[in-house]
Amino acid sequence: MKVFENTTKKIFLTSWVSPHQMDANPGSVVNKEKHSQSGWDILQPVRNWLDNIKVQDRDFAHILCKLIPAQCPFERDVKLLGKVLFHIPPLCKLNPFYEQLTYLRFRALCYLADECGEA
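Residues numbered from 1 in each chain as written. Predicted model: local features only at pLDDT ≥ 70, side-chain atom pairs only at ≥ 80, totals over all residues. Heavy atoms only, no water.

You'll find the chain entered in an unreviewed UniProt entry as Mo-dependent nitrogenase C-terminal domain-containing protein, with Cylindrospermopsis curvispora GIHE-G1 given as the organism.

### Thoughts on the overall build of the chain
What counts, and what does not: Think of it this way: any DSSP run of H or I at least four residues long counts as a helix, any run of E at least two long counts as a strand, and we number them from the N terminus. Accessible area is worked out with a 1.4 Å probe on protein chains only. A residue is then buried under 20% of its type maximum, exposed over 50%, and partly exposed in between. Should any heavy atoms of two residues lie within 4.5 Å, those residues are counted as being in contact. Note on areas: Shrake-Rupley, 1.4 Å probe, and residue coverage restricted to the protein chains presented here.
A count of helical and extended segments in the chain gives six helices and two strands. Mapped from its N terminus to its C terminus, the chain presents α and β elements in the order α-α-α-α-α-β-β-α. Buried positions account for 21% of the 119 residues belonging to the chain. Contacts in the chain between residues at least 24 apart in sequence constitute 63% of all its contacts with a sequence separation of at least 6. Only carbon and sulfur atoms are counted for the fraction: they give 60% of the accessible area of the chain, which is about 9600 Å².

### A few points about unusual backbone geometry
With a phi angle near 55 degrees, Leu81 is a residue other than glycine that sits in the positive phi range. Relative to the helices and strands, Leu81 is located in the loop between strand S1 (76-80) and strand S2 (83-88).

### Describing the environment of Glu115
Of note, Glu115 is situated in the segment after helix H6 (98-114). Sequence separation between Glu115 and Asp57 is 58 residues; the distance between their C-alpha atoms is 9.6 Å.

### What to know about the packing of aromatic side chains
Stated formally: Between rings of Phe, Tyr and Trp, where Trp is taken as its six-membered ring, a pair exists when centres lie within 6.5 Å; planes separated by under 30 degrees are stacked, by over 60 edge-to-face, and by other angles tilted.
In the structure shown here, the tally under the stated rule is one aromatic pair. Measuring from centroid to centroid gives 6.4 Å for Tyr103 and Phe106, while their planes differ by 25 degrees, and the two rings are stacked. One end of the pair, Tyr103, and the other, Phe106, are both in helix H6, three residues apart, so they sit about a helical turn from each other.

### A few points about the pairing of S2
To be explicit about the condition: Between any two strands, at least two bridges found by DSSP are needed for them to pair.
In the sheet, S1 pairs with S2 via five bridges, with the strands oriented antiparallel. Bridged to Leu80 within S2 is Lys83. Between S1 and the antiparallel strand that follows it, S2, lie two residues; Leu81 among them carries a positive phi value of about 55 degrees.

### Notes on a nonpolar patch on the surface
Quick note on the threshold: The patch calculation keeps residues exceeding 30% relative accessible area without a salt bridge and links them within 9 Å when they carry like charges or within 5 Å when they are nonpolar (Val, Leu, Ile, Met, Phe, Trp, Tyr). Any carboxyl oxygen of Asp or Glu that lies within 4 Å of a side-chain nitrogen of Lys or Arg is treated as forming a salt bridge with it.
Among the surface-exposed residues, Leu80, Leu81, Leu85 and Phe86 lie close enough to one another that they form a single nonpolar patch of about 480 Å² accessible area. Mapped onto the elements of the fold, Phe86 is located in strand S2.

### A short note on the state of the cysteines
Just so we agree on the cut-off: By disulfide we mean two sulfur atoms from cysteines, separated by a distance within 2.5 Å.
Applying the stated criterion across every chain, the model contains one disulfide. The disulfide partner of Cys72 is Cys92, and the gap between their sulfur atoms is 2.4 Å. Residues Cys72 and Cys92 are joined by a disulfide whose S-S torsion is about 100 degrees; by sign, that bridge is right-handed. One end of the pair, Cys72, is in the loop between helix H5 (58-67) and S1; the other, Cys92, is in the loop between S2 and H6, and 20 residues separate them in sequence. Accessibility assignment for this pair places Cys72 and Cys92 in one class, buried.

Right, here's the structure in full:
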């Protein structure tokens, strides 16, 4: 079974919004986000580059899985004498490339599972 193909098909099918639905609902959240951004996103070339990285090497896939964490490494409970003083929330969503990096890690894991047979 191809993990990558099955998962991406389900993700794309469940998250797809047709252009007709966007035009039919001018007050929708998706439409507001689209128009609230300025004409050109300066980070879009980097996002495209990250999305287009091909994982075709076992060693490269292992490096990606080691470099990109599975969970946000910044989330912490600060404790003093066994009592929680405060909680630092996960800040990964503030990273403008969060989605691209997690998807790149996912592609590397799928390559290792599908092509290399690693569990």
